[in-house]
Amino acid sequence: MSVSTEENKAQKHSAKKRIITVLSAAAAVVLLITAAFFIIIKKGESKLRNPSLNNSAGLPADGGEIPENADAYYNGKAYNYNDRLINILLIGVDRVSPGANEKQQADALYLVSLDTDNNTVSITAISRNTVTDVDSYDINGDFFATSKQQICLAYSYGSDDKKRSENTVKAVSDFLYGIPVSGYYTIFMNSLEEIVDSVGGVPVTVTEDMTAVDPRFKKGASLTLTGDNALAYLRYRTDSNAPRLERQKAFVSSFIAQAKKACLKDLSLPVKMYDKLASNTVTDISASSAAYLATEAIGADFNMLSIEGESGNDGSYETFTADESALHKLLIENFYTEAKSAETED
C-alpha cells in the first residue's frame, strides 16, 4: 500500500514537472516571438526615420530674419521643423497596375504624417491640379528642366514606376518647402477592390448626384462602398476636380475608421495586406516599416488637413494655386515647433 502511494506521488511529481517544462517552453516561445516582433518594429521605425530625401525643411522669412538655430520665422516667432514626424506619401495612379508602358498621372496625393510623441496622424490632401515646380525628364530618363506644372504630371516623368514615384515625392516635398518624406506607397486601380473589402467596406454619404455612374449614388444616400463600386465612386468628376477631392477626403476618413476596427480584430491585417498587394503596388516602405506604422496608427487620433487656394484654368486644363499665406500657416501649425531661445537652452 505504501509502495503504491509512493509510486502515485512520484507519478504526480513527474507529471507536474512535465507540465512546468511545457509551460516554460511555451513561455519561452511567446517571449521569443514578442522579442522578435519588437525587434522588427524597431527596425521598421529606424528605416523610416532616415528619409531618402536630403531636403532641408524651412519656410521663407516672414517679416524677420531666421535665427541660426531655427528653420522658420513666422508671426514674430522662430520655429524648427518637428523631426519626430514620419511623413509617408500615398500616391493614387489612374492606371490598372504597375509596369504598364503608358505613362499616367497621379490622381490622388496624400501626405500622411505620424507624430509618435503626440500620438496623432495628420493627412494633408494635395490637389492633383496644384501648380508647382516639377522636374521633367526625357525619354532616356535624363533630367532636362524644372518648370511650373500640375503636380500630378510629376508621375508622368520617369523610366519606371519607381522613378515616377520618386519624382512625385520630390515635387510634393518641394511644394511643401522641403518637408522630408520618409517613403511612398503607390496604389493602382487593381489594388482598391481588395483594400476596401479588407476592412469590410467603407460607409459614405453621397454629396452630389452621381446616378450617371451608379443608380445607388443618389445625392444624400448613405451606403457602404465595396470593392466592386468604390473605384467608380472615387474616380467620378465633372468639370472641376474640387468636388472629387472632397469626396475622396471623406472616403479616406471613413476608411481609416473602418481600418482601425479591422486591425483591432486582426493585428496582423496590415502585414497580410502589404504582402497580398505587393504585386499591385510600388513602394520603398519595407514590411517591417509597414508593421511599425500600423501599430502606431491604430491608437492615434487622425486629422485631415486641407490646403487653401484658388482653382483656375491655364487655357487647356484646370489648375489649383495654393494660397501661400495659408500654406505657411498650415505648415507651421502641423510640421513645426516653436524654437527654444538661447537662454532656455542654457
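None of the values given here were measured: they were computed from a predicted structure. (Residues numbered from 1 in each chain as written. Predicted model: local features only at pLDDT ≥ 70, side-chain atom pairs only at ≥ 80, totals over all residues. Heavy atoms only, no water.)

K.L.:
Before we go on, may I ask you to explain unusual backbone geometry in this structure?
P.N.:
Backbone phi values are negative for most residues with the exception of glycine, while trans is the configuration of most peptide bonds. Located in the positive-phi region is Asn 75, a residue other than glycine, with phi close to 50 degrees. Along the chain, the position of Asn 75 falls in the loop between β1 (72–74) and β2 (77–81). For Tyr 177, which is not a glycine, the phi torsion comes out positive at approximately 60 degrees. Among the structural elements, Tyr 177 can be located in the loop between α2 (161–175) and β8 (183–187). (Helix = DSSP H or I, 4+ residues; strand = E, 2+ residues; numbered from the N terminus.)

K.L.:
What should I look at first to understand the pattern of salt bridges in this one?
P.N.:
Oppositely charged side chains can pair when the atoms bearing their charge come close. Using the criterion set out here, one finds 16 salt bridges in the structure. Here Arg 247 makes a salt bridge to Glu 208, at a shortest N to O gap of 2.9 Å. On the criterion of sequence distance, the pair formed by Arg 247 in helix α5 (residues 242–265) and Glu 208 in the loop between β9 (202–205) and β10 (222–225) is long-range, its members being 39 residues apart. A residue is classified by how much of its surface remains accessible, and Arg 247, at 3% relative accessible area, is buried. When its relative accessible area of 18% is taken as the criterion, Glu 208 is described as buried. Close ionic contact of Glu 333 with Lys 329 constitutes a salt bridge, the shortest N to O distance being 2.7 Å. Taken together, the residues span about one helical turn, with Glu 333 and Lys 329 both in helix α8 (residues 324–335) at a distance of four residues. Note on Lys 329: relative accessible area 41%, which makes it partly exposed. Within the structure, one salt-bridge network assembled from shared partners comprises Arg 95, Asp 161 and Arg 164. (Salt bridge = Lys/Arg side-chain N within 4 Å of Asp/Glu carboxyl O. Buried < 20%, exposed > 50% of the residue type's maximum accessible area, 1.4 Å probe, protein only.)

K.L.:
How should I be thinking about the side chain of Asn 167 in this particular structure?
P.N.:
The residue Asn 167 is located in helix α2 in this model. Residue Asn 167 is classed as buried on the basis of its relative accessible area, which comes to 5%. At 3.0 Å, the side chain of Asn 167 and the backbone oxygen of Ala 154 are in polar contact. Here Asn 167 is in contact with Asp 135, Tyr 137, Ala 154 and Tyr 157, once residues within four sequence places are set aside. (Polar contact = N/O pair within 3.5 Å; in protein donor to acceptor, adjacent residues only side chain to side chain. Contact = heavy atoms within 4.5 Å.)

K.L.:
I keep staring at the sheet that holds β2 and nothing clicks. Help me out?
P.N.:
Two pairing modes exist for strands in a sheet, parallel and antiparallel, and in both the strands are linked by backbone hydrogen bonds. Ordered in space as β1-β2-β15, the three strands form an open sheet in which the pairing is antiparallel. For this open sheet the edge positions go to β1 and β15 (336–338), each flanked by a neighbour on one side alone. Ignoring which end each strand starts from, the neighbouring axes of this sheet average 40 degrees apart. In this sheet, β15 lies alongside β2 in antiparallel orientation, the contact comprising three bridges. Bridge assignment links Tyr 79 to a residue of β15, and that residue is Glu 338. Seen against the sheet, α8 touches β1, β2 and β15 and runs at an angle of roughly 115 degrees to β1. (Pairing = 2+ DSSP bridges. Axes fitted to C-alpha atoms, helices over the stretch in contact; angles between N-to-C directions.)

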